[in-house]
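Structural characterization, general
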Amino acid sequence: MLIIDCPNCGPRPETEYGYGGQAHVAYPEDPHALTDEEWAQYLFYRDNPKGDYAERWVHSAGCRKWFNAVRDTRTYEISAVYRTGETRSETQKGA
Amino acid sequence: MAADQTRRIDAGGAIDRSTPVELVVDGTTLTGFAGDTVASALVANGRLRVGDSIYRGRPRGILSAGVEEPNAFVLVHGDHDESMLPATTLELVPGLDVRLLDGIGVLDQKPDPAEYDKMHVHADVAVVGAGPAGLAAARAAAATGARVVLLEQDFRLGGSLLASPAEVVEGVPAAQWVEQVRAELEAAPEVRVLIRTTAFGSYDNNHLIAVEKRAEHLDGTARDGIPRQRIWHVTAAQVVLATGAFERPIVFADNDVPGVMLASSVTTYVRRYAALPGREAVVVTTNDSGYAAAHALLEAGASVQVLDARDEGASPVVASAAQAAGLRVRTGCAVVGIDGDASVEGAWVARIDAEGALVGDAERVVCDLVAVSGGWTPNVSLHSQRQGALHWDDDLAGFVPTAAVRNQHLAGAVRGTYWTDGCRAEGDAAGVAAASAAGFSAASRSTVIGADAVAEERVARAGRTRQLWVVEGREGGYATHFVDLQRDNTAADVLRATGAGMRSVEHVKRYTSISTGVDQGRIGAVNTIGLLTRVLSGDDTRAIPPGQPGQDETASGPAAGAARPTPGAIGNTTFRAPFTPVAFAALAGRSRGDLFDAARTTSIHPWHEAHGALFEDVGQWKRPWYYPRPGEDIDAAVARECRAAREGVAFMDATTLGKIEIRGADAGEFLNRLYTNAFKKLAVGKARYGVMCKPDGMVFDDGVVLRLAEDRYFATTTTGGAARVLEWLEEWSQTEWPDLDVVCTSVTEQWSTIAVVGPRSREVIARMAPDLDVTREGFGFMEFRETVLASGIPARICRITFSGELAFEINVPTWYGLQVWEDVAEAGADFDITPYGTETMHVLRAEKAYPIVGQDTDGTVTPQDLGMSWIVSTTKDFVGNRSYSRSSHRAADRKQLVSVLPLDRSLRLPEGAQLVEPGALGDYTGEGLPSRPIPMLGHVTSSYHSQALGRSFGLALVKAGRDRIGQTLIASFEGRFAEVEVADAVLYDKEGARRDG
Amino acid sequence: MNQRELPEHPDFLWANPEPKRSYDVVIVGAGGHGLATAYYLASKHGITNVAVLERGWIAGGNMARNTTIIRSNYLWDESAAIYEHSLKLWENLEEELGYDVFFSQRGVLNLAHTLQDVRDSVRRVEANRLNGVDAEWVDPQQVKELCPIINVGDDIRYPVMGGTYQPRAGIAKHDWVAWGYARRASELGVDIIQNCEVTGFVIDGGRVTGVETSRGRINAGKVALCAAGHTSVLSELAGFRVPIQSHPLQALVSELHEIIHPTVVMSNHVHVYVSQAHKGELVMGAGIDSYNGYGQRGSFHVIEHQMSAAVELFPAFSRAHLLRTWGGIVDVTMDASPVMGRSPVDGMYVNCGWGTGGFKAVPGAGFAYAHTIATDEPHELNRGFGLDRFVSGALIDEHGAAAVAH
C-alpha cells in the first residue's frame, strides 16, 4: 500500500487519495492563441517517464486538498511532497 | 483405536494421544490424534499414496510435511466443499471428510454460508515465522515494550523445532523453550500472536497481508459469530522475516514413486507426529542435513542406510555421529532409480561421478522409503515480493537474500543460517534491531551475538552441499526424472525447452509449466535452474536478459564465454503474492450483498417503498423508477404518471441530484470560467440552467444554478455526476485559480428536494406555503424564494421545470424531507397528486428535448451538437471553448440531437437502435450479418411512448441531424428495420407556453 | 484437447542470432504486436531483412501477463473494423502458424447492471451487427443459460439485467501465440534478438537511420516502435511524446479445477473479467492502479475489490483460491483507442496505446502495422488511429467497450 504524506493530514494510505497525473501543466493563459497542435498537446499529451515523476494527488477522503509529489514510477517511492503552487525545486531540501 | 495406526510410533510426538480423532478419506474411516495433520494421520495409518499425477496418471505419495507439498491434495467435504488443500497443512479435526485429488479441484456450486472478515492493525514490529529465529525476534522486540505481531502459518509455534523437540535451546529442550517463549509473549500486553495465520503478501511500506483460519479447527464446523477466515492487514514500522527454508528433492529416475520423501519431512513425521513413513529406509543426501533423518529413523526402529552423494562424505562432526549410531554410509553414491510403481519396493543405488553419471553397475537395495535431501532453498518469497535483492551463494547452494529490504530484517534459515542456535541468535539480534529502529530500545542485555558473526559461521555449519542437479538413470533418457511433480514435468521437458531455443528461465517455465502449480516452484524451481546450468553454455547466456530475481548483475549481463553458467547467471522466476493460496471469499470479506457497495437512499425512501415503488440504481442511489398500482405494468404506470404531470399535478423525489454551494467574492467569476454560459451577473434570487464541458469541449454535466447572495451560488448536478463535478470544481479552484476567492461545499445530503409538477402545481404550493405569493406574476420562472411552510419548516422553493410544465421544487433540510413529502401528498390529495419516478421524468423531459447527460451524451457530444448553441457564450471564455475551433467540430457530419418518429406510431424503438440511410442496407434483410459494414448515421438515445403526443418517439444523435429534418431513415434493431421520420428535437410545446401554467 | 492433456510444443522455436549491422526494418519490442508485425512484413510484404529487438525475453511484457480475452465487440466503426479483422485472423491463426494456440471460441458476455448499461449495450450490439460483428442482446435468463454458474438473482447489490454476447469471441494461450509468430518469423529470415535494449536513435535531418542498443549500433532503413507501456521512454529518446500514460494493471489466476465456467464473462459495473483456461485455472483481470507505474505490480486492494465482485456474481468461486497475482504496464490514451501510424520522425512508426485491447489485437495490429511500415501509409484499418486525431478532435472513445475501469 502506498502511503502518501498529505501536507495537511500526514501519512495516509493511497486509498484515501485521487490521482491527478502530471503536475505543473498549467492551463494555457490564452487557449485561443494556440494552434490546434499546441492545444492538442495540452489536452492529450503528458509526460510519461520511467523514473521520477512530478504528479498531483488529492486527498479525497480527507482534507480534499490537491498537492504535488515526486514519485519514482519504477519503485513507487515518493521522494517529495509539496503544496499546490510550490515548484518542484523548493522541495529538494531533505527530500 | 490405535490398533489401526500401524505406523504410529509408541511414544513421543506433539500429538495428544488422549484425543483420538476420526478421519474419513475417500469413504474409509481412519483414526489419528489431535495434533495430527491429515497427512500425518495417513502416514501413521501406513498410507503414503495419495491422488495420481494430473497428466500422466502416475501414482503419487506424500512428499513433504508442509506448504511445499506437490502431491497430497484433498477436497474437504462440507457446507461448501473446498478443493486443493494440501493434506500436509490440514489440521486433523473431528468430522473431517476428505477426498484425495488427482492434482485438480472441483468447485462447489452450493452457496458458501461461511462468513469472512478483515482486520487492520498497526504494529511497531511484525515478525513472520515462529521457528527459533522468529520466536527469538518476537521475544526480543516484545521485551522493549514495542507492539509486536507474530504471524505463524502452522497451528503450533516452533517451526523447525517441532521436528527436533529434544534439541537443547538456551539450555532447555526445544519443546520447553518454545513454551517458555510463548508464555512470555502471551504475557506481554502489546503482543499479538497469530497462529494458523499465513502472511501471504508483502507490499509497499511494510504492509503485510495474512489470512487466518479461525473456525476450521473448532469441531470442524463454523460457529455463529466466528468468521471462518480473517484477512489481516498489518502495517508495521519494522518487519522481521524469519520464514525459514525449503528442502529440495534430487532429480533421479522415477523419483515420484510414493515412498520417496523429503528427508527433513521424514524427520518431521517421526519426531513431531510420531508417524513412521517406512521401516526400511534409504537416505540419499547431497549435504549434512540429510543425516538427521537417518538418526530419527534409526531411533524409531527402522533400518537405515545413507547414501552421501559427496565423495568426501559428511563434515567430521556429522560423520562421526553417524558412525557412533551405527549408520551404514556410502559416499559418492546416489539413488539412480526406483523399483515399484504404487510404492517404493527397492532403490537402485550406484556410484556416480562428478557429472552425476553412473559409475559401474547399480545395485538394488530393498527398501520402502527413500528420504531425499538435495539441498536447501531459503524461503524468500516475501522478501522478493518487495524486490528484495537475492544472489546465488555457491557455498550454500541456494539463492540467499543480499540485504534486507528497507525497514525489514532477515533472520534464520531464510538467510542460509541452518543451525538452531544461529537462528535463535539472529532472531534475537533482528528483534532488537527492529524494535530499536521503531523507537524502542532494549534494556541492557547480557549478550547479543552479532549477526555478522553468525554469517561467518554459516557455510562452516552447513557443510558442503554438492550441486547435484540431475542423476543419470540406468536406461538413459529423462522422461521420469521429475522436476515439478505437480505439473508432471521432467528433466526431459527442460531439455526440450532449451532444445527449442529457450534460454530464459521464464521461457522454460512457460514452455513446460514448471512452477505454475500450487507449490509455485518450491519443489522444482531451483532444480530447474540447476539443470539449466548443466544444459546451457556460457555463450547461450548472451540471449538471457538481466533482471530476474537472484540474477548476477555483472556489467555486461550474464557471464558470456564462461564454460558453464552458474545458477546466478540464470536467476529465478518472479516471486508473487500470494505465498500460498487464499480463498476468494476470504479476500472478499464482508464486501458482499448490501455491503458490496453503499445503497444511498433519501429520507423519503420509506414512503416510496410503502407505496410500491420499484427502484433503479443511479450511481449508488436507489431512485424510484415508477410506482405501479395493482395490475399495472411499467407502461401503464408511466402513462398514468405522465398524464398526471401534464394534466393535473404530480410529484417526484429529486433529492439525489448533486448540490454544491459555491461561496466567495469570486464565485461568479469562477462559475463563468467553468460553465459555458454566464453566471456572474445572474441576479440574486434567480436561477439559470448551465452546462459544463471538459477542456475538450465535450459536455460533462449540467444543472440549474441559483444565486443565493452576492457571493453565494447553489449549483445542482446530475445524480451520477455529483462527486465528479465537485472534484472538478475543487481541482480548478485549487490548482489553476488559487487566486480566486471561492470555496465549494457538497450539500447533496443536506437538502431534500421535492418537485411538484403540472398545471395544478401552483395550487398545491399555495397550500404548502401560504405566506408565499405564488401567482404567475408574483413568482416568475427561474426564480426562487425562501419561505416558511405551513408546517413551520423553512424551505427554499424554486420555479424550475424539467418537464416543461409549470413546476416548483421545494427544498428543505434533509431531516424534514419525509414530513414535507407527506405534506405535499396531503396538500395535493384533492387534485389526485401522483408520485412519479425516473421513467416518467425521462419521458417528460424528452418530449421537450432536455438532454440527460450520460444518456443523450457519451463524452463525445458538445452543447452545439445538442442544439444548445444558445448556451455557449460568445462574450466570455470558458473551459472547453477553445476546442470548438478544431477541424472535427466544423465537420458537416457531426452528430446532432434530433427526434425520430417511427412511422408506426405505436412502435417504441429500443434505446440503442442504430439509424441508417434507406439505401444503405443493400440486400441485408436483418438475418445473420451483412456481407459488408453498413454505414451508420447515429443511434436512438432515448425512446418512449408519449401520452402528450399520443404516439411513440425517440431522441437520437444523428450525423448532420438538423439538416435531415423531414427525412426518413431506417432504424435497425433486433434484426428488424423500421422507418422513422427525423424531426426537430423538441416535440411538445415548442413555444414553452405550458411552463407558466 | 481435453483438460487432462498437456500441449506439445514444437521442438524448435527460434534461433538466437547475433544482431547484424543493419536491417531494412528494426522493430523495437518483441511482444505480440512486434512479433506479429515482423511475421506479416515477411509473409505478406516480402520484407525479411528485419530485426525484432527485445530488451528482455521475448513476449515477456504484457504478452505474458494479459488475461487473453479475444473479442471484436467494440463500439465505433474504426475499432470494430480492426478488432474484427483481427478476430478473423485469429480464426485461421493456428493453421497459418502451424501451432496450436488453444484458441477457443467460447463467446464473451458483457453484463449490464443498470438501465444505462442496457442502453449502451443495445447500442453496441446494433452497431456491431451492422458492422458485421456477431452480437446479441441477451436477457438474464439467457445469460444464465450461457453461463449456468452466474448468479442472476436479485440478491446482489447490482443484479444482472442482461448483457451482450459475442459468440465468436474467446481465449487463447498467450505465450504460444507469441512463440508461433516468432517461429514463423524466424523461419522466414527475421532475426529475433533478445537481451538487446534500444538506448537511443540515430536521427539525421529529421529521419531515423539507426538505433543504439546495449549490443551496439544497428542501422535501419525504418524503425517501428512496438513497446506498449515503454513507448514513451523510447519516443522521448527520439524527441517526441506520445499521448499515453503507463499504469499498473493486475491480473490473477486460481489453482486448477474441473471445468465449470464455459465462457468469458466481463462486467464493467461490478468489475469482473473471468474465464477458465483450458487446463482449469480461473483467469481474472483486475483494475488499473490509478497512478502511473512501470513496476509491473500494483496494490492489493485492487485485487480484493475484484474478489468481492467475483464471488457475488459467481458463488461457486467462493473457495477457489487465489494462486498468483501479477501486473503489467498498460498504456492508455485519453480515448481508450490505440495509436498507430507515422511518427513525427521520418522513417519511424509508432504503435501504442492499446490499453486493455492489445492481446486480442495481436494479429490485426501486426497486419496493419506491417502494411503501414511497408508502404509508409496507414492501412484502411488504422487510418483513424493516427496521432492526427488528437489535433482534429476526432477521437474514438472506447471507454465503455474497453471494459476496464480507468
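Look a little higher up for the structure.
Residues numbered from 1 in each chain as written. Chains lettered and ligands numbered in written order. Predicted model: local features only at pLDDT ≥ 70, side-chain atom pairs only at ≥ 80, totals over all residues. Heavy atoms only, no water.

Brief notes about the interface of chain C and chain A
- Contacts between chain C and chain A engage 30 residues on the former and 25 residues on the latter.
- Both faces combined, the contact of chain C with chain A buries some 2,200 Å², and carbon together with sulfur accounts for 52% of it.
- When the buried area of chain C at its contact with chain A is split by residue, Arg241, Tyr291 and Tyr294 of chain C rank highest and sum to 30% of it.
- In this structure, the connection of chain C to chain A is made through one salt bridge. (Contact = heavy atoms within 4.5 Å. Buried area = accessible area lost by both parts, 1.4 Å probe. Salt bridge = Lys/Arg side-chain N within 4 Å of Asp/Glu carboxyl O.)

So, the environment of His217 of chain B
- Take His217 of chain B: it is sitting in the loop between strand 12 (207-213) and strand 13 (229-241).
- Setting aside residues up to four positions removed in sequence, His217 of chain B forms contacts with Glu91, Val93 and Arg196 of chain B. (Helix = DSSP H or I, 4+ residues; strand = E, 2+ residues; numbered from the N terminus.)

Digging into the pattern of salt bridges
- The full count for this structure, using the stated rule, is 94 salt bridges over all chains.
- Among the charged side chains, a network of salt bridges with common partners joins Arg58, Arg60, Asp254, Asp256 and Asp488 of chain B.

With respect to the pairing of strand 36 (residues 712-717) of chain B
All names here are of chain B.
- Most of strand 36 is tucked away: five of the six residues are buried.
- Note that strand 33 (residues 658-663) and strand 36 share six bridges and pair antiparallel. Across the sheet, Arg663 pairs through a bridge with Arg712, a residue of strand 36.
- Bridge count for strand 35 (residues 699-709) against strand 36 is four bridges, and the pairing is antiparallel. The partner of Val705 across the bridge, within strand 36, is Ala715.
- Linking strand 35 to strand 36, which pair antiparallel, is a turn of two residues. (Buried < 20%, exposed > 50% of the residue type's maximum accessible area, 1.4 Å probe, protein only. Pairing = 2+ DSSP bridges.)

Here we look at the interface of chain C and chain B
- If you look at the interface, chain C gives 87 residues, while chain B gives 107 residues.
- Interface of chain C and chain B: buried area, both sides summed, is about 8,400 Å²; carbon and sulfur atoms make up 55% of it.
- Counting the surface chain C buries against chain B, the share from its top three residues, Leu130, Arg157 and Arg319 of chain C, is 11%.
- Here chain C and chain B share 11 salt bridges between them.
- Here Arg119 of chain C makes a salt bridge to Glu911 of chain B, at a shortest N to O gap of 2.8 Å.

Side note on empty space enclosed by the protein
Residue and element names in this part refer to chain B.
- Tallied over the entire structure, the rule returns seven cavities of 30 Å³ or more.
- Of the volumes computed, that of the largest cavity is approximately 370 Å³.
- Taken together, 22 residues line the largest cavity, and the ones lying closest to its centre are Leu85, Thr89, Lys213, Thr580 and Pro581.
- The set of elements that each furnish at least two residues to the lining of the largest cavity consists of strand 4 (82-86), strand 12 and strand 29 (582-583). (1 Å grid on protein atoms, 1.4 Å probe; cavity = no way out; pocket = protein on both sides within 12 Å on 5 of 7 lines; lining within 4 Å. Points joined across faces, edges and corners; volume = space filled by probe spheres on them.)

Concerning the sheet that holds strand 3 (residues 18-22) of chain A
- The four strands are arranged 3-4-5-6 (chain A) in an open sheet whose pairing can be described as antiparallel. Only two strands of the sheet have a single neighbouring strand rather than two, namely strand 3 and strand 6 (78-83) of chain A. The sheet shows a mean angle of 30° between the axes of neighbouring strands, direction not considered.
- The pairing of strand 5 (residues 66-72) of chain A with strand 6 of chain A spans five bridges and is antiparallel. Each residue of the ladder has a partner; that of Ala69 of chain A, found in strand 6 of chain A, is Val81 of chain A.
- The strands that helix 18 (residues 722-736) of chain B touches are strand 4 (52-58) and strand 5 of chain A; relative to strand 5 of chain A, the one it contacts most, it runs at about 85°. (Axes fitted to C-alpha atoms, helices over the stretch in contact; angles between N-to-C directions.)

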